[in-house]
Each structure stands twice: as C-alpha cells, then as structure tokens.
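Coordinate inspection notes
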Amino acid sequence: MIKNNVETIIEGNKVIYKRYFDVPTELLFEVWSIPEHLAEWWGPDGFTLTTKRMDFTNGGIWEFIMHGPDGHDYKNKIQFTDIKEPLHIHYKHLGDGEGDQDVHFESKIIFEEVGEGTNLIMEQIFPSKEELERVNEKYGAIEGGKQHIGNLGKYLEKLK
C-alpha cells in the first residue's frame with residue numbers, strides 16, 4: 001500500500017482505491033461511520049456535506065446532501081448492506097433517494113490492520129463497464145474518488 005498517496009486500479013466495471021493510513025483501524029472505521037466525522041471530509045475537493053439522517057446498521061439508510069463548490073446540491077441515499085466493525089462497511093448507492101438513480105453502484109470499504117496503521121481498500125462496483133465510464137465522464141467519478149480518499153487523509157492528520 002502507498003502512504004500519503006492513492007493507488008487506483010480499474011478492472012472492468014470496478015474501481016479500487018488503496019491507501020495506507022498511519023492510524024489505528026478503529027479510528028479509521030470511526031471516521032467512516034459517524035456523521036460528525038463524515039461532515040469534515042466526505043466527498044471530492046471543495047464539497048461539503050449535510051447529513052439528513054443516518055442509520056448506521058445493516059439495512060440502514062444514510063441520506064445526505066453534497067454541496068458542490070459551484071453551489072449545486074447533490075442529494076444522495078445509501079443503504080448499508082454489511083457492516084462488520086472494524087473490518088468493513090459495504091453499501092449500495094441508491095441515487096438521490098427521490099427516484100433518480102442516475103448514479104447507482106455498490107461500495108466495499110475494507111480496513112486491514114497493518115502494525116499500528118491501516119490499509120484502506122475502497123471498491124466501487126458499477127452495473128457494467130459502460131456505466132462506470134458514463135459516470136466517470138459525467139461526474140469525474142474516478143478523480144473524485146481519489147480526492148475523497150485524499151480529503152480523508154487530510155482530516156486524519158488534523159485528528160492526530
């Protein structure tokens with residue numbers, strides 16, 4: 001794994017982001033699971049986050065709004081499908097929660113303890129390679145994913 005840099009692998013309909021963080025697995029899991037932490041780092045550069053509701057349980061729903069640097073609000077709805085603390089968080093992105101499923105994918109967030117640090121593996125699985133390409137073309141999804149992990153790193157540095 002790479003420290004302070006994101007390794008990105010594209011395999012068909014899947015994007016895998018990998019990065020090592022010099023923090024305990026429990027802390028990394030915590031900043032992915034508590035709205036107050038998520039508000040500090042979630043999303044690509046320039047975005048802010050407002051959580052409307054979050055039920056961090058298997059089957060639970062997280063509804064939030066990502067506020068873009070251009071002033072546009074992006075509604076999002078996620079359903080948690082498999083949470084195993086502190087090992088992984090799996091979820092489905094269900095579009096905007098109001099019937100628009102323009103962006104639909106599954107994510108697997110995996111936390112691997114390595115000594116006193118943690119390897120983070122974030123997989124985004126799209127319904128097809130074409131869908132991944134469409135979402136990347138329309139929203140810059142792959143670069144946004146890299147920035148997302150980078151912002152997580154910046155936030156963790158503040159917590160140290």
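Everything that follows concerns the structure shown earlier in this document.
Values in this document were obtained by computation on a predicted structure and should not be read as measured data.

1. Things to note about unusual backbone geometry
That bond from Glu85 to Pro86 is cis: its omega, -5°, falls within 30 degrees of zero. Mapping Pro86 onto the fold places it in the loop between strand 5 (73-84) and strand 6 (88-94).

2. With respect to a negative patch on the surface
On the surface, Glu26, Glu30, Glu85 and Glu113 cluster together into a patch of negative charge. Assignment of secondary structure puts Glu113 in strand 7 (residues 104-114). Given a relative accessible area of 60%, Glu113 falls into the exposed group.

3. Considerations on the environment of Ser33
With respect to the helices and strands, Ser33 occurs in the loop between helix 1 (25-31) and helix 2 (35-41). Ser33 gets classed as buried once you look at its relative accessible area, which sits at 12%. Taking the C-alpha atoms as reference points, Ser33 and Ile89, separated by 56 residues in sequence, lie 8.7 Å from one another. When near neighbours in sequence (up to four residues on either side) are disregarded, Ser33 contacts Met54 and Phe56. A distance of 3.0 Å separates a polar side-chain atom of Ser33 from the backbone oxygen of Phe29.

Here is what the cut-offs are and how they apply
- Residues numbered from 1 in each chain as written.
- Predicted model: local features only at pLDDT ≥ 70, side-chain atom pairs only at ≥ 80, totals over all residues.
- Heavy atoms only, no water.
- Helix = DSSP H or I, 4+ residues; strand = E, 2+ residues; numbered from the N terminus.
- Patch = residues over 30% accessible without salt bridge, like charges linked within 9 Å, V, L, I, M, F, W, Y side chains within 5 Å.
- Areas by Shrake-Rupley, 256 points an atom, 1.4 Å probe, with all protein chains shown as cover.
- Salt bridge = Lys/Arg side-chain N within 4 Å of Asp/Glu carboxyl O.
- Lys, Arg positive; Asp, Glu negative; His and termini not counted.
- Charge placed at Lys NZ, Arg CZ, Asp CG, Glu CD.
- Buried < 20%, exposed > 50% of the residue type's maximum accessible area, 1.4 Å probe, protein only.
- Contact = heavy atoms within 4.5 Å.
- Polar contact = N/O pair within 3.5 Å; in protein donor to acceptor, adjacent residues only side chain to side chain.

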